Amino acid sequence: MSFRPLHDRVLLKRVDAEKKTAGGLIIPDSAKEKPQEAEVVAVGKGRSLEGGGLRAMSVKVGDRVLFGKYTGDEIKLDGEEMLILREEDILAVLA
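Residues numbered from 1 in each chain as written. Predicted model: local features only at pLDDT ≥ 70, side-chain atom pairs only at ≥ 80, totals over all residues. Heavy atoms only, no water.

Caption draft 1: Molecular detail of the overall build of the chain. Assigned secondary structure in the chain consists of zero helices and eight strands. Its helices and strands in sequence order give the chain the pattern β-β-β-β-β-β-β-β, from N to C terminus. Within the chain, buried positions represent 26% of all 95 residues. In the structure as shown, the chain presents an accessible area of about 6,800 Å², 51% of it carried by carbon and sulfur atoms. (Helix = DSSP H or I, 4+ residues; strand = E, 2+ residues; numbered from the N terminus. Buried < 20%, exposed > 50% of the residue type's maximum accessible area, 1.4 Å probe, protein only. Areas by Shrake-Rupley, 256 points an atom, 1.4 Å probe, with all protein chains shown as cover.)

Caption draft 2: Summary view of the pattern of salt bridges. Throughout the structure, instances matching the rule amount to eight salt bridges. Residue Asp8 pairs with Arg86 through a salt bridge whose shortest N-O separation is 2.8 Å. One end of the pair, Asp8, is in the segment before strand E1 (9-14); the other, Arg86, is in strand E7 (residues 80-86), with 78 residues separating them in the sequence. On the basis of relative accessible area, Arg86 is assigned to the partly exposed category, the value being 29%. As a salt-bridge pair, Glu88 and Arg47 come within 3.2 Å of each other at their nearest N and O atoms. Linking Glu88 in the loop between E7 and strand E8 (90-94) with Arg47 in strand E3 (residues 47-48), this pair joins segments that are 41 residues apart in sequence. Overlapping salt bridges, with partners in common, bring together Asp8, Arg47, Arg86 and Glu88 in one network. (Salt bridge = Lys/Arg side-chain N within 4 Å of Asp/Glu carboxyl O.)

Caption draft 3: A look at the side chain of Asp63. Among the structural elements, Asp63 can be located in the loop between strand E4 (54-55) and strand E5 (64-67). A polar side-chain atom of Asp63 sits 3.0 Å from the main-chain amide nitrogen of Lys60. Residue contacts for Asp63: discarding those within four places in its chain leaves Ala38, Glu39, Val40 and Val93. (Polar contact = N/O pair within 3.5 Å; in protein donor to acceptor, adjacent residues only side chain to side chain. Contact = heavy atoms within 4.5 Å.)

Caption draft 4: Up close: the environment of Leu77. Along the chain, Leu77 falls in strand E6 (residues 73-77). When its relative accessible area of 12% is taken as the criterion, Leu77 is described as buried. In sequence terms Leu77 and Ser2 are 75 residues apart; their C-alpha atoms lie 9.7 Å from each other.

Caption draft 5: Structural context of the nonpolar core. Membership of the largest hydrophobic core is limited to 11 residues, which are Val10, Leu12, Ala38, Val40, Met57, Val59, Val65, Phe67, Leu83, Leu85 and Ile90. The set of elements that each furnish at least two residues to this core consists of E1, strand E2 (37-43), E5 and E7. Judged by nonpolar contacts, the second largest core, of five residues, contains Ala42, Leu77, Met82 and Ile84. (Core = buried A, V, L, I, M, F, W, Y, C linked by side-chain atoms within 4.5 Å.)

Below you can see the structure in the form of structure tokens.
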């Protein structure tokens, strides 16, 4: 399916949650939290400015980002769970 977010919105795909702790303990599915790290799948054109201009997006497809725990809306595209949120809800880009 072709999908392009509007304005300053970003489509994210969460990365897989860790299955083990640093000490080697296996984390059961019931105790796992959804990861707050994701890969950018699609971006909008940018935020519209009052003067009629457009502020370009600072993230691009393929970036790995961190986002807030309770931000965005979960959607399903082609059977995969995705997250759509505004660019301002992204906390950091991982290098």
